[in-house]
Amino acid sequence: MNEKIHWADAKASRVPADRHQLIATGITPSGPIHLGNMREVMTGDMIYKALKSRGVDAELVYVADDFDPLRKVYPFLPDSYQKYIGWPVSDIPCPCGKHKSYAEHFLEPFLSAIEELDIHPRIVRTSESYRSGMFTEQIRAALEHAEEIKGILERISGRKLEEGWTPYYPICEKCGIISRATILSHDPEKHTVTYRCSCGHEGVSDYSKGEGKLVWRVDWPMRWSVYGVTIEPFGKDHASPGGSYDTGTYITKDIYGYEAPIPVTYEWISLKGRGEMHSSKGVVLTIRDMLDIVPPEVLRYMIAKTKPDKTIAFDPGMGLLRLIDEYDRAAASGESREYELSVIASPQTTIPFRHMVTVVQIAQTDDGIFDILKRSGYEIVDESAVLDQANRAKMWLERYAPEDVKFAIQPALPEVAAAEPANVKAAVAAYAAAVSAGDWKADVLHNSVYDAAAGAGITGKELFTAVYRAFLGADRGPRLGWFLEAIGREATLARLNEMTA
Ligand SMILES: [Zn+2]
Ligand SMILES: [Zn+2]
């Protein structure tokens, strides 16, 4: 990154350094928490770390908006969830039966993943804040200033709100839904409203006990003022003119006497060939999926190297291999600020991931992996780190690798190799003879192809093809010298001799 200032430092340098800074990130845990959501948390974390490195008193908070209602039966849910639409996700049973609630079902894997990514925020659940009475005064103020808030929303967003609009939705005691009820009366002393739900039920809602919720456009700026948020990353959907950040700026100031946090707008991450990631559309790669394959520091690198306002098009196939190569080069150069921002002590190996992808396709066993690596001149420092990387490579091959990087060593000489014409077999024999005596080194093994081919009167390409056919039964494979180096002298010569016998 040479002299360029990292975006997180640039952002941090514009924040008053003499005040406590609270960076809030958060989402509604209503579905699998994906790579796109991770961008928000990581954006916040990078600014947090940049502030800390400047000596600023800063804190990172992750606000799980688990008091938000379930909007619809998403594609990943059974039809039986129809009955929970409108319920707070903290009150809905978990789909697998192992978690405390629907919200925790999606939160738990996400929170453990961000730990691995070296992100350690304080976790706040809005359901707990509402039910603890933390927002009582603010809800009362919203109800008392309902007309004023309505005016702000209409003026700034340009939308007309209906007659009798209310900033507060009670949870109906009959149908359980956070609904657009009609508020019939408000008793500010008792913190209660009476309401008529769309189901027809009339009841009482005590907002000091979390028996209802402010509408999103009021809830968000209200929380800024109560939690004391000073910086907040959010998706571009909230950042549009007249959007919820705009209206929130006025509401937090006029109703709660608070300055809106410094906004950090981030763009989406799209999945190559599949479009933007949205849980609700089922186009997702969860962070867990990614951490199965990519070391956490590489994921951080991907987010760190791209300014938040630029889209990231993520390609889990060859693009991921290129990303890992790029990370390895950048990390080796040791000059980038991005890595200073990410201090992750995940087990490391010196083996390029791309090479491991070849190794795991040759080796039959864990010991085979170590043998191949030693043959290729790698020192095994940490066996478990090597096996960990090997598992990532296997999983990548299984889930995302394009077909043309996959290969399988055939247990016996393939027919296509046995059927090669005499002049090609002569070239193979000459090649076997040439390499059998020399160093078993990738570049030697690779370059020897050309002389052997020329001597037998065929092209280098024809000889490459013949050797691939001998092992793979296919015309192409990984770079030949490195491939044969990995297979080893004995096994290589045995197969080539069998072919030319
Ligand atoms: Zn569960
Ligand atoms: Zn109802």
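Keep in mind it's a predicted model, so treat the numbers as computed, not measured. In this numbering scheme, every chain counts its residues from 1 along its sequence in written order. Starting at A for chains and at 1 for ligands, labels are handed out in the order in which the entities are written. For a predicted model such as this one, the threshold for reporting local features is a pLDDT of at least 70, and the threshold for listing and counting side-chain atom pairs is 80 or more; totals across whole chains, interfaces and linings nevertheless cover every residue. Derived side-chain values reflect all non-hydrogen atoms in the structure, with water molecules and hydrogen atoms excluded from consideration.

This next bit is on the packing of aromatic side chains. Stacked, edge-to-face and tilted labels apply to pairs of Phe, Tyr and Trp rings (six-membered ring for Trp) whose centres lie within 6.5 Å, assigned for plane angles under 30 degrees, over 60, and everything in between, in that order. Tallied over the entire structure, the rule returns 24 aromatic pairs. Between the aromatic rings of Tyr81 and Tyr102, the centroid separation amounts to 6.0 Å while the plane-to-plane angle is 45°, which identifies the pairing as tilted. With a gap of 21 residues between them, Tyr81 in the loop between strand E2 (58-64) and helix H3 (102-116) and Tyr102 in helix H3 connect regions that are remote in the sequence. Judged on exposure class, the residue Tyr81 and its partner Tyr102 are both buried. On the basis of an interplanar angle of 40° and a centroid distance of 6.5 Å, the ring pair of Tyr468 and Phe483 is categorised as tilted. Here Tyr468 is found in helix H19 (residues 460-472), whereas its partner Phe483 is found in helix H20 (residues 480-487), with 15 residues between them in sequence. When accessible area is computed with a 1.4 Å probe and restricted to protein chains, residues below 20% of their type maximum are described as buried, those above 50% as exposed, and intermediate ones as partly exposed. For Phe483, a relative accessible area of 0% translates into the label buried. Numbered from the N terminus, helices here are DSSP runs of H or I no shorter than four residues, and strands are runs of E no shorter than two.

Moving on to the coordination of the zinc ion (ligand 1). In an ideal octahedron of six donors the angles at the metal are 90 or 180 degrees, and in an ideal tetrahedron of four donors they are 109.5 degrees. Distances from the zinc ion (ligand 1) to its protein donors, Cys94 (SG), Cys96 (SG), His99 (ND1) and His105 (ND1), fall at 2.0 to 2.3 Å. Donor atoms are limited to N, O and S found within 2.8 Å of the metal ion, a distance that becomes 3.2 Å for Na, K and Ca. With water left out, some sites might look partial. Here the metal geometry follows the donor angles, with tetrahedral for four donors whose angles all fall between 85 and 135 degrees, square planar for four and octahedral for six when opposite donors are more than 155 degrees apart and every other angle is between 65 and 115, and irregular for all the rest. Geometry at the zinc ion (ligand 1) is tetrahedral, judged from its four donor atoms and the angles of 100 to 124° they form at the metal. All donors to the zinc ion (ligand 1) come from one chain, and their sequence spacing reads C-x1-C-x2-H-x5-H. The partly exposed category is assigned to Cys96, whose relative accessible area is 37%.

With that settled, consider the coordination of the zinc ion (ligand 2). Bound to the zinc ion (ligand 2) are the protein donor atoms Cys172 (SG), Cys175 (SG), Cys197 (SG) and Cys199 (SG), situated 2.3 Å from the metal. What the four donor atoms of the zinc ion (ligand 2) show is an angle range of 101 to 119° at the metal, which sorts the shape as tetrahedral. Read in sequence order, the donor residues coordinating the zinc ion (ligand 2) give the pattern C-x2-C-x21-C-x1-C. You can see Cys175 sitting in the loop between strand E4 (168-170) and strand E5 (182-187) and its partner Cys197 sitting in the loop between strand E6 (192-196) and strand E7 (202-206), a full 22 residues away along the chain. Here Cys175 falls in the partly exposed class, since its relative accessible area comes to 26%.

We now examine the packing of helix H13 (residues 353-362) against helix H14 (residues 366-375). Packed helices, taken two at a time, are described by their axes: the angle between them and the distance between them. Only the stretch in contact is used when a helix axis is fitted, and all axes are lines through C-alpha atoms; the angle between N-to-C directions ranges over 0 to 180 degrees. Look at H13 against H14: their axes get within 9 Å of each other, and the N-to-C directions meet at 130°. As the angle between them shows, H13 and H14 are arranged oblique. Crossing hand, H13 versus H14: right-handed. Counted together, His355, Met356, Val359, Val360 and Ile362 of H13 and Ile369, Ile372 and Leu373 of H14 form the full contact between these two elements. Here the residues of the contact of H13 with H14 are counted per class, giving seven nonpolar, one polar and no charged. For this classification, under 35 degrees means roughly parallel, over 145 means roughly antiparallel, 65 to 115 means roughly perpendicular, and everything else is oblique. Helix crossings fall into two classes, left-handed where the near helix is turned counterclockwise from the far one by less than a right angle and right-handed where it is turned clockwise. Pairs of residues are marked as contacts when any of their non-hydrogen atoms sit within 4.5 Å. Note on residue classes: Ala, Val, Leu, Ile, Met, Phe, Trp, Tyr, Cys and Pro are nonpolar, Asp, Glu, Lys and Arg are charged, and everything else, Gly too, is polar.

To continue, consider the UniProt feature "domain: Aminoacyl-tRNA synthetase class I anticodon-binding" (unreviewed entry) in the protein chain. Per the UniProt entry, the sites bearing "domain: Aminoacyl-tRNA synthetase class I anticodon-binding" (unreviewed entry) are residues 418-498 in this numbering. The span residues 418-498 carries 78% helix and 0% strand; its end-to-end C-alpha distance comes to 9 Å. UniProt positions are given in the numbering used here, feature names are shortened, and annotations may be inferred rather than shown by experiment.

Further remarks concern the layout of surface pockets. Method remark: on a 1 Å grid restricted to protein atoms, a set of points is classed as a cavity if a 1.4 Å probe fits but cannot get out and as a pocket if it is open with protein on both sides within 12 Å along at least five of seven lines; lining residues have an atom within 4 Å of a point. Grid points are joined across faces, edges and corners, and a volume is the space filled by probe spheres set on the points. For the second largest pocket, the calculated volume is near 590 Å³. Around the second largest pocket, the lining is made up of 25 residues, and of these Arg354, Thr358, Gly477, Pro478 and Arg479 lie nearest the centre. For the lining of the second largest pocket, the secondary structure elements donating two or more residues are helix H11 (318-333), H13 and H20. Residue contributions to the lining of the second largest pocket peak at five residues, all from H13. Of the residues contributing to the lining of the second largest pocket, the split by class is twelve nonpolar, five polar and eight charged.

An order of E5-E6-E7 is seen for the three strands of this open sheet, with the pairing classed as antiparallel. Here the strands that pair on one side only, and so sit at the sheet edges, are E5 and E7. Going from strand to strand, the sheet's axes swing by 25° on average, the running direction of each strand aside. Judged from the five bridges that link them, E6 and E7 form a sheet pairing that is antiparallel. Across the sheet, Arg196 pairs through a bridge with Glu202, a residue of E7. Two strands pair under a simple rule: DSSP has to find at least two bridges between them.

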